[in-house]
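A look at the structure
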Amino acid sequence: MRLTIVIAILCTLVWTITAAPKPSPNDPQAVLDSLRREIDRIDRELEARQSREQDVLRDAAAARQRAALIEQMIHNQSTQVDGLRDSIAALESEIAPRNAELADLGTRLIGLEDEQQRIAASLAKSFLVERRLTGWASLEFLLGSRSWRELLARRELLKRLQTVERHSLTALNSVKDSLQLTEGAIFESARNLRERQSDLEQSRGLAAAKEETYRADLQKLDAEKSELQDRLSDLRRERKSLSARRKEVSKAQREIGHMIDRATERAPLAGTSLDLRKGSLPWPVDGQVVERFGLVHNRKLDTVTENPGIELSTAADASVTSVADGRVSSVTWLRGYGTVCIVEHPGSIYTVYAKLDKVVVKANESIKSGALLGQPAYDAGARDYRVHFEVWSGKEKKDPIEWLQAR
């Protein structure tokens with residue numbers, strides 16, 4: 001949506017520039033209109049910068065809201081992890097008694113098995129004795145009694161012994177079966193508890209991993225918030241700098257317009273008009289064009305500005321020279337442009353050399369093509385050595401590329 005708006009604005013500006021009637025070189029109103037357009041352009045750029053600042057503010061607010069939600073999720077996840085940890089501890093407290101019961105039952109079962117084996121052996125022995133008490137062995141056993149009462153007592157004692165041993169063996173088997181059932185139930189309960197403990201451990205691991213992920217997201221979001229804050233600070237500084245530059249450019253353009261206006265009031269230079277050399281003039285400095293004439297799109301700031309000339313990036317020790325014979329109209333210093341040298345040429349053509357250092361010419365000095373004017377100055381904003389070059393036909397700004405030799 002924003003890209004569409006920018007394209008629409010660009011198309012409108014291009015149509016306005018190409019469709020509007022060209023101002024007369026001697027029309028002061030044309031200079032004022034040009035200055036107003038420059039001021040309007042910067043105003044629009046300021047509005048666009050303010051709109052981007054609002055976008056960053058909305059992004060920052062959304063980032064704060066998202067951070068609050070992530071912090072709440074981390075709190076909930078931590079609560080879940082703590083709950084799972086408590087549940088695991090409770091299960092461990094249940095599993096320990098079950099294991100103790102299993103150990104106790106195991107000991108009891110071993111004792112019952114020993115007692116069962118002892119009673120079974122005793123019962124078997126009594127049966128063996130009973131079987132031997134037949135025939136002469138039985139008669140000898142009975143005759144060995146000193147009375148018939150002792151005989152009856154012996155027989156009764158043997159039967160009672162067998163009955164007790166049978167009952168004892170049956171009771172032991174019953175108790176053993178019961179203990180084995182209890183042991184199976186406790187073992188199954190302990191196994192279920194261990195399985196539940198394993199599931200809870202797995203759930204706790206997953207919950208802890210989620211919590212770690214949330215914390216990583218929160219850390220990333222904090223970095224994004226910091227970046228947004230830096231962007232917001234940069235935009236505000238750039239907007240403030242742009243507002244100051246608007247005033248500087250506006251004032252500098254007015255001053256350049258006034259200087260050229262005063263120059264046009266004087267008698268024009270005699271000689272062949274520089275119009276005839278359009279497209280063949282030498283370059284004012286050996287450098288690379290970094291900003292062209294007219295509408296310029298700044299990709300970093302996403303802004304569209306209007307450049308009255310061209311910007312050349314060059315070396316610190318490069319020489320800035322006049323593109324043609326002429327007369328130095330003025331040498332002055334303007335905020336935003338630095339030292340400015342204006343040279344008048346035949347045919348009411350003016351060339352403007354700005355952002356200069358170590359200027360070696362003076363006003364009203366006649367110079368030849370290629371004459372040294374000065375050296376480039378350091379542009380702190382661009383962190384580079386720059387030269388600004390303009391071409392005026394009367395009071396109308398022209399595209400310098402159309403007047404210079406093709407590269």
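Residues numbered from 1 in each chain as written. Predicted model: local features only at pLDDT ≥ 70, side-chain atom pairs only at ≥ 80, totals over all residues. Heavy atoms only, no water.

All right, on to the pattern of salt bridges then. All chains considered together, the criterion is met by ten salt bridges. Between Lys355 and Asp379 there is a salt bridge, with its nearest N and O atoms 3.0 Å apart. With a gap of 24 residues between them, Lys355 in strand E8 (residues 349–357) and Asp379 in strand E10 (residues 372–379) connect regions that are remote in the sequence. Neither residue differs from the other here; Lys355 and Asp379 are each classed as buried. The network of salt bridges with common partners includes Glu311, Lys355, Asp379, Asp384 and Arg386. (Salt bridge = Lys/Arg side-chain N within 4 Å of Asp/Glu carboxyl O. Helix = DSSP H or I, 4+ residues; strand = E, 2+ residues; numbered from the N terminus. Buried < 20%, exposed > 50% of the residue type's maximum accessible area, 1.4 Å probe, protein only.)

With respect to the helices and strands, the residue Pro376 is situated in strand E10. Distance from Pro376 to Arg386, taken between C-alpha atoms, is 5.8 Å for residues ten residues apart in sequence. Other than its neighbours up to four places away in sequence, Pro376 contacts Thr314, Ala315, Ala316, Ala318, Val320, Lys355, Asp357, Tyr385, Arg386 and Val387. (Contact = heavy atoms within 4.5 Å.)

Another point: the side chain of Asp379. What makes Asp379 buried here is its relative accessible area of 17%. Polar side-chain contacts of Asp379 include one of 3.0 Å to the side chain of Lys355. Beyond its immediate stretch of four places on either side in the chain, Asp379 contacts Lys355, Asp384 and Arg386. (Polar contact = N/O pair within 3.5 Å; in protein donor to acceptor, adjacent residues only side chain to side chain.)

Before going further, it helps to examine the confidence of the model for the chain. In the predicted model, the chain carries a mean pLDDT of 75, and 69% of its residues have values of at least 70. Note on residues 1–26: pLDDT under 50 across the span, and 21 contacts to partners over four residues away in sequence or across chains. (pLDDT = per-residue confidence, 0-100.)

Let us now look at the environment of Ala68. Tracing the sequence through the fold places Ala68 in helix H2 (residues 28–132). Exposure remark for Ala68: the relative accessible area of 42% places this residue in the partly exposed category.

Moving on, we get to the nonpolar core. In terms of nonpolar packing, the biggest core is built from 24 residues, with Leu281, Val323, Cys341, Tyr353, Phe389 and Leu404 touching the most fellow members. Of all elements in the fold, only strand E4 (310–314), strand E7 (338–345), E8 and strand E11 (384–393) reach the threshold of two or more residues within this core. Apart from the residues within four sequence positions on either side, Leu404 is in contact with Gly279, Ser280, Leu281, Pro282, Trp283, Pro284, Ile310, Val323 and Phe389. (Core = buried A, V, L, I, M, F, W, Y, C linked by side-chain atoms within 4.5 Å.)

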